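# Understanding the architecture of this molecule
One letter stands for each residue in the lines below.
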Amino acid sequence: DTGVSQNPRHKITKRGQNVTFRCDPISEHNRLYWYRQTLGQGPEFLTYFQNEAQLEKSRLLSDRFSAERPKGSFSTLEIQRTEQGDSAMYLCASSPQGLWGNTIYFGEGSWLTVV
Amino acid sequence: RKEVEQDPGPFNVPEGATVAFNCTYSNSASQSFFWYRQDCRKEPKLLMSVYSSGNEDGRFTAQLNRASQYISLLIRDSKLSDSATYLCVVNPQTGTASKLTFGTGTRLQVTL
């Protein structure tokens, strides 16, 4: 399977703990995105990388959230001191660069439940 | 005002029916438009891009009205397998896919 891969797929954590999600994009895609989706809402943009550079961050990405893509391949999203409001599906997506590269392909998502 | 607005539904239609979804967007400078489909507890998947001239893919027809900032999706001859949430998606920027803005989705339930 050469699609976007995310893990873990499900994570239950206690409030105040830190969690980290990993995303492996489609191999030839140099753009990588993180979105968050809560029940009844569409995905909301969190942040975007082109290669290893983090080019844009949403205001939704509080200082408890950090994302990295150290070698321009896989990415991690860490949430520190989790809160119940962080419970959501965290979606990673990737896309190729170029004029026609404006469709993004999502992974299956990582479900976070903070109890 | 939300950047992308959709009627959340649900739309309950019998198999074989024709159903239409509408979506409005607030940023007149938006450049690219898409419909994504999302099954329950799954990731969104691209259904089709939306072009200014309108485009069709089998039973699905998408249209864009830039003057009214309005996008539509028409599904003909609905199948049970069409039951899903349909997300209207707008890319406000040129030349990049960053910050795709999603509507809340319109839920479709096709019944026997």
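The structure this text deals with has already been given above.
So, here is what we can say about the structure in this document. Here the structure is a predicted model, which is why all the values come from computation and not from measurement.

## Remarks on the overall build of chain A
Broken down by element type, chain A carries 0 helices and 11 strands. Reading chain A from its N end, one meets helices and strands in the order β-β-β-β-β-β-β-β-β-β-β. Relative to the compact-globule value of 13 Å for 115 residues, chain A shows a C-alpha radius of gyration of 13 Å, a close match. Its C-alpha atoms give chain A principal-axis dimensions of about 40 × 25 × 25 Å. The proportion of buried residues among the 115 residues of chain A is 49%. A separation threshold of at least 6 residues defines the contact pool for chain A, and within that pool the share at least 24 residues apart is 53%.

## Here we look at the environment of Asn55 of chain B
Residue and element names in this part refer to chain B. Relative to the elements of secondary structure, Asn55 occurs in strand β6 (residues 55-57). Once you skip the residues sitting within four places of it in the chain, Asn55 turns out to touch Met48, Ser49, Val50, Phe60, Thr61 and Ala62. A polar contact is formed between the side chain of Asn55 and the backbone oxygen of Ser49, at a distance of 2.7 Å.

## Considerations on the state of the cysteines
As enumerated under the stated definition, the model contains 2 disulfides over all chains in all. The disulfide that involves Cys23 of chain A links it to Cys92 of chain A, with 1.8 Å between the sulfurs. The sign of the S-S torsion, about -70°, decides the handedness of the disulfide formed by Cys23 of chain A and Cys92 of chain A: left-handed. A residue pair is termed long-range when its members are at least 10 positions apart, and Cys23 of chain A in strand β3 (residues 19-24) and Cys92 of chain A in strand β9 (residues 88-95) qualify at 69 residues. Comparing Cys23 of chain A with Cys92 of chain A shows no difference in burial state: the two are buried. Two residues share a disulfide in this structure: Cys23 of chain B and Cys88 of chain B, whose sulfurs sit 2.0 Å from each other. Measuring handedness by torsion sign, the sulfur bridge of Cys23 of chain B and Cys88 of chain B sits at about -75° and is left-handed. Of this pair, Cys23 of chain B sits in strand β3 (residues 19-25) while Cys88 of chain B sits in strand β9 (residues 84-91); the two residues are 65 residues apart in sequence, bridging distant segments of the chain.

## Structural notes on the sheet that holds β3 of chain B
All names here are of chain B. Reading across from one edge, β1-β3-β8-β7-β6 is the order of the 5 strands in this open sheet, with antiparallel pairing throughout. On the outer flanks of this sheet lie β1 (4-6) and β6, each paired with one strand and no other. This sheet shows a mean twist of 20° between the axes of neighbouring strands, independent of strand direction. Both β1 and β3 contribute to a ladder of 3 bridges, which runs antiparallel. Along β3, the bridge assignment pairs Glu5 with Thr24.

## Digging into the side chain of Ser30 of chain B
Residue and element names in this part refer to chain B. Relative to the assigned elements, Ser30 resides in the loop between β3 and β4 (32-38). Only 2.8 Å separates the side chain of Ser30 from the backbone oxygen of Asn27, close enough to count as a polar contact. Residues in contact with Ser30, not counting those within four places in the same chain, are Tyr25, Arg66, Val90, Asn91 and Pro92.

## Examining the pairing of strand β4 (residues 31-37) of chain A
In regular strands, side chains alternate between the two faces of the sheet. All names here are of chain A. Where burial is concerned, most of β4 is hidden: 7 out of the 7 residues are buried. Side-chain alternation along β4 places Arg31, Tyr33, Tyr35 and Gln37 on one buried face and Leu32, Trp34 and Arg36 on a second face that is also buried. In the sheet, β4 pairs with strand β5 (residues 44-50) via 6 bridges, with the strands oriented antiparallel. In the sheet register, Tyr35 faces β5, and the bridge partner there is Phe45. Where β4 folds back on β5, the antiparallel hairpin that results is connected by 6 residues, among which Gly40 adopts a positive phi of roughly 80°. Judged from the 7 bridges that link them, β4 and β9 form a sheet pairing that is antiparallel. When the sheet's bridge partners are listed, Leu32 is paired in β9 with Ser94.

Conventions adopted
- Counting of residues starts from 1 at the beginning of each chain's written sequence and follows it residue by residue.
- Here the convention is simple: chains get letters from A, ligands get numbers from 1, in the order in which they are written.
- It should be noted that, the model being predicted, local features are given only for residues of pLDDT at least 70 and side-chain atom pairs only at 80 or more, the latter also being counted only at that level, while totals for whole chains, interfaces and linings use all residues.
- Hydrogens and water molecules were not included; the side-chain quantities draw on all heavy atoms of the structure.
- Under the scheme used here, helices are H or I runs from DSSP no shorter than 4 residues and strands are E runs no shorter than 2 residues, and both carry numbers assigned from the N terminus.
- For this measure, only C-alpha atoms enter the radius of gyration; the expected value for a globule follows 2.2 Å times N^0.38, where N is the number of residues.
- For each residue, the accessible area found with a 1.4 Å probe, counting protein chains only, is set against the maximum for its type, and the residue is called buried under 20%, exposed over 50%, and partly exposed in between.
- When checking whether two residues touch, look at their non-hydrogen atoms; a contact exists if any pair is within 4.5 Å.
- Throughout this description, a polar contact denotes any pair of N or O atoms lying within 3.5 Å of each other; where both atoms belong to protein, one of them has to be capable of donating a hydrogen while the other can accept it, and for residues adjacent in sequence the pair is counted only when both atoms sit in side chains.
- Two cysteine sulfur atoms make up a disulfide if the distance between them is within 2.5 Å.
- Strands are treated as partners if at least two bridges between them are detected by DSSP.
- Working convention: axes come from line fits to C-alpha atoms, limited for helices to the stretch in contact. Angles between N-to-C directions cover 0 to 180 degrees.

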